[in-house]
Amino acid sequence: MATKTPVSLTATPIGTLYRGGEGMWTWVLQRITGVSVFFFLFVHVLDTALVRVSPEAYDTVIATYKTPIVALLEVGLVGAVLYHALNGIRIILIDFWSRGPRVQKQMTWVIAAIWLVVMVPGVFFMLKHSVEALFGSTP
Amino acid sequence: MSTAVIDIPETVVPVATDVTFRIRRYRPEYDQEPHWEDYTVALYPTDRVLTALEKIKAELDGSLTFRRSCGHGICGSDAMRINGRNRLACKTLVKDLDISKVITVEAIKGLPLEKDLVVDMEPFFAAYRQVLPFLMPEGHEPTKERIQSAEDRARFDDTTKCILCACCTTSCPVFWTDEAYFGPAAIVAAHRFIFDSRDAGSEARLEVLNEKEGVWRCRTTFNCTDACPRGIEVTKAIQEVKRALIFKRV
C-alpha cells in the first residue's frame, strides 16, 4: 500500500538534530564545561580581588559560599573541571598518538570510568558536611 | 527420474512491508520554508532507501527531487541525512533501519538547499579545487612508469577511496557554522597527494591547509569518520596532515 500524507507545517520545520557519536558529544560537553569553568574563574578573580577593596565585604561574600547550594555548585565545578581535564588528555592523545584516532571511542569510555571513580567518593566527602549541617541531629 | 526438490522455509521468502518515510521537502517555486511530508511504500528488507525514493517518485509524488546516478555507492550523488546521519541512500538497506518508526530523510547540512534533497555542491568543490588535488611530479617525465614501493603506496591507500559525496564535510559541526572551512573531504583529497612519494607538491598543499580555515579548524568530533560510506578514517587522515605541519615531516 502506498500513501502520501502531508505533515503539519509546525512539526519541526527545521532539520533534525544530527545524530553524532561519542566524538561529537564529548566535543559538545568539552565546550559547555570549558565555558562554565571560564565563568567560574571570572567570578573567582572578582571575589578574590574584593579583599583589596574591603576585607569586610570579602568576608560577607565568602560567608555566602558556605551554604549548601554553593556546595552543590562546587560539586558541579569539580565535575566540570575533571571532565574537561580528562577529555583534554584524550584530545591530546588523538592529536599526537598515531593510534589515538582509532581508539577514541574506547578512550571516551575510559575517561567516563575515571570520572565516575573519582566523582562518587568525591561527592560523598564534599557533601558530607552539608548533609550533616542540614539533617544532622548534633550541630 | 527424480527431481531435486528444495524446501524453501517460509521465513526465507522476503515479505514486503509498509515503511513510512518522513521527507523534508522544499520546492522553492511554491514553498517559503521547507516542510516535512510522510510517504508510505511497501519495501523488501533487502531494498535500499534509494529504491524507496524512486518508488515514491514513481507512484506517489513525481515532484520529489533527489540526485542519483550509479545507484551502487560509487558515484557519490545520493548523500543525504537518513535518520539524522549522513549516508548514501543507495548503500542504506531497509533491513538495517528500524522500520517500526518513521524514517526521516533530509538534505545534507551546511550547503545551500536548492530543492528537496538537492543542495548546491559548489562551495564543496571550490574547497576541493583549492588543495590542488592532482599529481605534481618532479623532474623530467620518465620513459617508464614512476616506481613506487608497496609501503609508500600503503601510506595514502585509505584516502584514495574518496568518491566526493560530501557525507563527511556536511557532517562536520565546524563546517555547518563556518562555510569557509575547507572541510574533511578537501583535506582527504590533499592527504592523498601529500603522502604520495611520487608527488612534489606537498609544500604548496600544506601551506594552503596551514591557513586559518585549514586543518586547525578540525575539532576531532569524528562525525566525518562515522559518515564516510567508503570507510575512510577521515579524522585520522586530518590528524596526519596536522602532524606533518607540526613536525615539518611528510
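Preceding this section is the structure that the text describes.
Below: a short report on this structure. (Residues numbered from 1 in each chain as written. Chains lettered and ligands numbered in written order. Predicted model: local features only at pLDDT ≥ 70, side-chain atom pairs only at ≥ 80, totals over all residues. Heavy atoms only, no water.)

### Examining the overall build of chain A
When its secondary structure is counted, chain A shows four helices and one strand. The helix and strand sequence of chain A, counted from the amino end, reads β-α-α-α-α. For 139 residues, the compact-globule estimate of 2.2 N^0.38 gives 14 Å, and the C-alpha radius of gyration of chain A, at 22 Å, exceeds that figure by more than 25%. Each of the 139 residues in chain A was classed as buried or not, and the buried ones make up 25%. For chain A, the accessible area works out to roughly 9600 Å², and carbon and sulfur atoms hold 76% of it. Across chain A, 10 positive and 7 negative side-chain charges occur, with their mean positions spaced 20 Å apart. (Helix = DSSP H or I, 4+ residues; strand = E, 2+ residues; numbered from the N terminus. Rg over C-alpha atoms; globule rule 2.2 N^0.38 Å. Buried < 20%, exposed > 50% of the residue type's maximum accessible area, 1.4 Å probe, protein only. Areas by Shrake-Rupley, 256 points an atom, 1.4 Å probe, with all protein chains shown as cover. Lys, Arg positive; Asp, Glu negative; His and termini not counted. Charge placed at Lys NZ, Arg CZ, Asp CG, Glu CD.)

### Quick notes on helix H8 (residues 234-246) of chain B
Residue and element names in this part refer to chain B. Look at H8: 19 Å from first C-alpha to last across 13 residues, which is about the 18 Å you get at 1.5 Å a residue. With eleven of 13 residues buried, H8 lies mostly within the body of the structure. Taken as a whole, H8 has its buried residues at Val234, Thr235, Lys236, Ala237, Ile238, Gln239, Val241, Lys242, Arg243, Ala244 and Leu245. (Expected span 1.5 Å × (residues − 1).)

### A closer look at the packing of helix H5 (residues 184-194) of chain B against helix H6 (residues 202-209) of chain B
All names here are of chain B. Two elements in contact, H5 and H6, have axes whose closest approach is 9 Å; the angle formed by their N-to-C orientations is 155°. The orientation of H5 with respect to H6, classified from their angle, is roughly antiparallel. In terms of crossing hand, the pair formed by H5 and H6 is left-handed. For the pair formed by H5 and H6, the contact residues are Ile187, Ala190, Phe193 and Ile194 on the first element and Ser202, Arg205, Leu206 and Leu209 on the second. (Axes fitted to C-alpha atoms, helices over the stretch in contact; angles between N-to-C directions. Parallel < 35°, antiparallel > 145°, perpendicular 65-115°, else oblique. Left-handed = near helix turned anticlockwise from the far one by under 90°. Contact = heavy atoms within 4.5 Å.)

### Some thoughts on unusual backbone geometry
Residues and elements named next belong to chain B. If you check the backbone angles, Leu132 has positive phi at about 55° while not being a glycine. You can call Leu132 partly exposed: its relative accessible area is 23%. Residues other than glycine seldom take positive phi values, yet Phe222 does so here, at roughly 65°. Along the chain, Phe222 falls in the loop between H6 and helix H7 (223-227).

### As for the interface of chain A and chain B
Contacts between the two partners involve 32 residues from chain A and, on the opposite side, 38 residues from chain B. Taking both sides of the interface into account, the surface hidden between chain A and chain B amounts to around 3100 Å²; carbon and sulfur atoms contribute 52%. By the criterion of area lost to chain B, the three top residues of chain A are A:Lys4, A:Tyr18 and A:Arg19, representing 23% of everything that side buries. Our count for the chain A to chain B interface comes out at one salt bridge. Ionic pairing is found between B:Glu233 and A:Arg102, a salt bridge with its closest N-O pair at 2.8 Å. Listing elements by their share of the side of chain A that touches chain B, those giving two or more residues are strand E1 (3-6), helix H1 (22-53) and helix H3 (68-96) of chain A. Here the side of chain A that touches chain B is composed, by residue class, of 17 nonpolar, ten polar and five charged. (Buried area = accessible area lost by both parts, 1.4 Å probe. Salt bridge = Lys/Arg side-chain N within 4 Å of Asp/Glu carboxyl O. Nonpolar A, V, L, I, M, F, W, Y, C, P; charged D, E, K, R; others polar.)

### Quick notes on the pattern of salt bridges
All names here are of chain B. This structure, assessed with the given rule, holds 21 salt bridges over all chains. Here Asp196 makes a salt bridge to Arg198, at a shortest N to O gap of 2.9 Å. Judged by relative accessible area, which is 26%, Arg198 ranks as partly exposed. A single salt-bridge network, built from bridges that share partners, covers Asp178, Lys212, Glu213 and Arg217.

### Observations concerning the packing of H3(A) against helix H4 (residues 104-135) of chain A
All names here are of chain A. The N-to-C vectors of H3 and H4 enclose an angle of 165°; their axes lie 9 Å apart at closest approach. Compared by their axis directions, H3 and H4 come out roughly antiparallel. The way H3 lies across H4 gives a crossing that is right-handed. Looking at the contact of H3 with H4 residue by residue, the classes come out as 20 nonpolar, five polar and two charged.

### Quick notes on the pairing of strand E1 (residues 17-25) of chain B
Residue and element names in this part refer to chain B. When E1 meets strand E2 (residues 35-43), the two strands line up antiparallel, connected through nine bridges. By the bridge assignment, Val19 is partnered in E2 with Val41. In this structure, E1 lies alongside strand E5 (residues 103-106), joined through three bridges in parallel fashion. Bridge assignment links Ile23 to a residue of E5, and that residue is Val105. (Pairing = 2+ DSSP bridges.)

Scope: geometric values only; no functional claims are made or implied.
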